[in-house]
Amino acid sequence: MNVEVQDQEHSSSGQALTFTLEENEEIHVLHPQQIIAYQGPSSGRADRLMDVKGMYRKRKLIRADMSGPCRFTAALPPGYRIKTVRLEGKDDLLYDFRHLFYYSKGIEMQTRILSVKNMIVTRDLIKVRFSGSGSIGILTEGTVCEAALDPVEPLYVDAGSMIAYPENARLELTVYGNHLASQHMSYHWKMTGCGPVLFQAGRQNRRFERENREDGILKRFLREVLPFGGVFIK
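Rules used throughout
Residues numbered from 1 in each chain as written. Predicted model: local features only at pLDDT ≥ 70, side-chain atom pairs only at ≥ 80, totals over all residues. Heavy atoms only, no water. Helix = DSSP H or I, 4+ residues; strand = E, 2+ residues; numbered from the N terminus. Buried < 20%, exposed > 50% of the residue type's maximum accessible area, 1.4 Å probe, protein only. Lys, Arg positive; Asp, Glu negative; His and termini not counted. Salt bridge = Lys/Arg side-chain N within 4 Å of Asp/Glu carboxyl O. Contact = heavy atoms within 4.5 Å. Pairing = 2+ DSSP bridges. Patch = residues over 30% accessible without salt bridge, like charges linked within 9 Å, V, L, I, M, F, W, Y side chains within 5 Å. Areas by Shrake-Rupley, 256 points an atom, 1.4 Å probe, with all protein chains shown as cover. Axes fitted to C-alpha atoms, helices over the stretch in contact; angles between N-to-C directions. Phe/Tyr/Trp six-rings, centres within 6.5 Å; stacked < 30°, edge-to-face > 60°.

Named according to an unreviewed UniProt entry, the chain is Biogenesis AIM24 originating from Paenibacillus sabinae T27.

See the structure below:
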């Protein structure tokens, strides 16, 4: 399978990706409405009802099974990108299933139930661990960054920007910095362990634009000064 990112003539336009599948290759697209062009036999696309677990995880009913040989293009809204992750054997990263755009044949999924504390913060009950050989496509807002965890020195990551983290990671919801910093920042995950952490750099853009274009000086002042103003004053 080959995935080609189409050139973007305008920064405000969304990303487009062209998938080329060879004979016996197959991927499952969880946002079939984003497929805008297809070349290949009509039988190369088969839309199916997702199972109950998939409906709950993705909040969707239909997926598209695309079989090679074929070529198709999927379009994404402005600000969104696809991060392709290739897996070989077992992988211990936990993902939010709602970020999944596609996965290839040969990928298996196992559900991990979150702790009560994590459920309250993430507003989700489960994370998904992928295994097998193949690739998955993660839907992100902006650039995907990667950082390595350390068993002792913690890494702080904005809770809303997290994409994936190792199953062995130890997480604690917190803020950091001095008194003023801890009052106005969003909640972060304090993380220790071993392995990589993936997080997206675009989720803060909407808040940045709102603060600089729409908000009055009073609201911006209250957001900065009041305890947890950045969390509660939208």
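A. Representation of the side chain of K127 in the model. Mapping K127 onto the fold places it in strand β12 (residues 126–132). This buried residue, K127, is left without a salt bridge; D96 holds the nearest opposite charge, at 4.2 Å. If we skip the residues at most four places from it in the chain, K127 touches L94, Y95, D96, Q110, T111, R112, L114 and Y165.

B. The pairing of strand β6 (residues 62–67), seen in detail. As paired strands, strand β3 (residues 26–29) and β6 are joined by 4 bridges and run antiparallel to one another. Looking across to β6, one finds that I27 is bridged to M66. Bridge count for strand β5 (residues 45–49) against β6 is 5 bridges, and the pairing is antiparallel. Its bridge partner being in β6, L49 is matched across the sheet by I62.

C. Representation of a nonpolar patch on the surface in the model. Taken together, the side chains of L49, L61 and I62 make up a nonpolar region of the molecular surface, amounting to roughly 300 Å² of accessible area. Relative to the elements of secondary structure, I62 occurs in strand β6. On the basis of relative accessible area, I62 is assigned to the partly exposed category, the value being 34%.

D. Structural context of the pattern of salt bridges. Counting across every chain of the model gives 7 salt bridges. Ionic pairing is found between R45 and D47, a salt bridge with its closest N-O pair at 2.9 Å. The residue D96 makes a salt bridge to R98 at a minimum N-O spacing of 3.3 Å. With a relative accessible area of 29%, R98 lands in the partly exposed category. Each of the salt bridges in this network shares a partner with another, and the network as a whole consists of R48, R63 and D65.

E. Quick look at the sheet that holds strand β18 (residues 188–192). Read across the sheet, 3 strands follow the order β15-β18-β17 without closing on themselves; strand pairing throughout is antiparallel. The sheet is open, and its two borders are formed by β15 (155–158) and β17 (170–174), each paired with just one other strand. Ignoring which end each strand starts from, the neighbouring axes of this sheet average 30° apart. Taken together, the 4 bridges between β15 and β18 define a ladder with antiparallel strand orientation.

F. Spatial organisation of the sheet that holds strand β14 (residues 144–149). The 6 strands are arranged β11-β12-β9-β16-β19-β14 in an open sheet whose pairing can be described as antiparallel. Here the strands that pair on one side only, and so sit at the sheet edges, are β11 (107–113) and β14. The mean inter-strand angle of the sheet, taken between neighbouring strand axes irrespective of direction, is 25°. Bridging between strand β16 (residues 162–166) and strand β19 (residues 195–200) involves 2 bridges; their strand directions are antiparallel.

G. Highlighting the packing of aromatic side chains. Counting across every chain of the model gives 4 aromatic pairs. With 5.2 Å between their ring centres and 85° between their planes, F19 and Y102 make a pair best called edge-to-face. Here F19 is found in strand β2 (residues 16–21), whereas its partner Y102 is found in strand β10 (residues 100–104), with 83 residues between them in sequence. When sorted by exposure, F19 lands in the same class as Y102, which is buried. Aromatic side chains Y156 and Y176 sit 4.8 Å apart centroid to centroid with 35° between the ring planes, which places their arrangement in the tilted category.

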